Amino acid sequence: MSVEPVPEEPAAVADCGEERALVLADYHAGLEVALRRDGVEVRSRAADRRERTRRLLARTGADRVVFLGDLANAIGSPGREERDELEDLLSALAARVPVTVVKGNHDGGVDAVVDDLDGAVDVTDGPGTRIGSVGFAHGHTWPSRAVLSAPTVCVAHEHPTVRLEDEVGGRRVERAWLRGRIDPAPFVEHHGDIAVGSDLVVFPAFNELTGGTWVNVDGQGFLSPFLPEGLADGEAYLLDGTRLGDYRRI
């Protein structure tokens, strides 16, 4: 598969053909601001997120960074603290490589931030974009025909997690990857006659403070309009690479 997770990290490198892209999903810059408004006192981790991203770029040697939606956290225009985080992050990255932001449902105010960066960052709309052999869409809406035609399609939005339980009843929740074949049926039903690729990758959230969809717990519905129907034979993997098998039977 042309998308390989970075070991121990909620990030992957996509081999798009002529270039390799570092791909991060659900960054949710400024999330701490929203948590504080809800009465949860959490210090800002903006600098930590930015440095983790810069280290990942250096570690992977990628030619581009792709944010797979929900780079921002505010649904509308970001406040000052969130805007500062976005500007610092995007400026630092764009000084080294091209940056693509695939808009998610939280990215309504990203265009205004990017406009101040003199064209250093490319922003695509919700249905996503295709770069070489890989299609990228956030997943809150239907991917475009161009995205679905790519051999490998990357989506996010779900923040997939698994709830694990040991033999003595101890429980923990961990972020996970979902990977499998694309089932073309829901996409054909939506788009009409369409050619779709073969592989689908659902990314975990980069921001560890977000909640998530517990994919192996009954009653936990998916958020994307094409999941779980669009993912055939889906398997879950932990960030350390542990293969858990069929996510529905974990």
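What this report covers is the structure whose coordinates are included nearby.

What counts as what
Residues numbered from 1 in each chain as written. Predicted model: local features only at pLDDT ≥ 70, side-chain atom pairs only at ≥ 80, totals over all residues. Heavy atoms only, no water. Pairing = 2+ DSSP bridges. Helix = DSSP H or I, 4+ residues; strand = E, 2+ residues; numbered from the N terminus. Axes fitted to C-alpha atoms, helices over the stretch in contact; angles between N-to-C directions. Contact = heavy atoms within 4.5 Å. Salt bridge = Lys/Arg side-chain N within 4 Å of Asp/Glu carboxyl O. Buried < 20%, exposed > 50% of the residue type's maximum accessible area, 1.4 Å probe, protein only. Phe/Tyr/Trp six-rings, centres within 6.5 Å; stacked < 30°, edge-to-face > 60°.

Overview of the sheet that holds strand β4 (residues 64–67)
Two orientations exist for strands paired in a sheet by backbone hydrogen bonds: parallel and antiparallel. Taken in spatial order, the six strands of this open sheet run β1-β2-β3-β4-β5-β6, and their pairing is mixed. If you trace the sheet from one side to the other, it starts and ends with β1 (3–5) and β6 (121–124), each paired once. Between one strand and the next, the sheet's axes are offset by a mean angle of 25 degrees, whatever the strand orientation. The sheet contact formed by strand β5 (residues 99–102) and β6 spans four bridges and is parallel. Within β6, the residue paired with T100 across the bridge is D122. Sitting on the sheet, helix α2 (residues 46–60) touches β2 (11–15), β3 (20–24) and β4, and the angle it makes with β3 is about 155 degrees.

Some points on the pattern of salt bridges
Throughout the structure, instances matching the rule amount to 18 salt bridges. One salt bridge in this structure joins E19 and R64, with 2.7 Å as the shortest N-O distance. Residue E19 is found in the loop between β2 and β3, and its partner R64 is found in strand β4; the two are separated by 45 residues along the sequence. Assigned by exposure class, E19 and R64 land together as buried. E208 serves as the salt-bridge partner of R45, at 2.8 Å between the closest nitrogen and oxygen. Of the two residues, R45 sits in the loop between α1 (31–37) and α2 while E208 sits in the loop between β12 (199–202) and β13 (213–214), which places them 163 residues apart along the sequence. By relative accessible area, E208 is classed as partly exposed at 34%. Salt bridges here are not isolated pairs; linked through shared partners, they connect R80, R83, D84 and E87.

Focus: the packing of aromatic side chains
What the rule picks out here adds up to seven aromatic pairs. An angle of 65 degrees between the planes, with centres 4.8 Å apart, marks the rings of W177 and F203 as edge-to-face. Placement of W177 in strand β11 (residues 171–182) and of F203 in the loop between β12 and β13 is noted, with a sequence separation of 26 residues between them. The pair formed by W177 and F203 is uniform in burial state, with each residue classed as buried. The interplanar angle of 70 degrees and the centroid separation of 6.0 Å between the aromatic rings of F222 and Y247 together place this pair among those described as edge-to-face. Of the two residues, F222 is situated in the loop between β13 and β14 (231–238) and Y247 in the segment after β15 (243–246); the sequence distance between them amounts to 25 residues.

With respect to unusual backbone geometry
When glycine is set aside, most residues are seen to have a negative phi, and most peptide bonds are trans. Following L227, the chain continues into P228 via a peptide bond in cis, with omega recorded as 5 degrees. You can see P228 is positioned in the loop between β13 and β14. Phi is positive for H157, which is not a glycine, with a value near 75 degrees. Mapped onto the elements of the fold, H157 is located in the loop between β9 (152–155) and β10 (160–165). Given a relative accessible area of 12%, H157 falls into the buried group. The backbone phi angle of H159 is positive, close to 50 degrees, even though this residue is not glycine. Locating H159 in the fold gives a position in the loop between β9 and β10.

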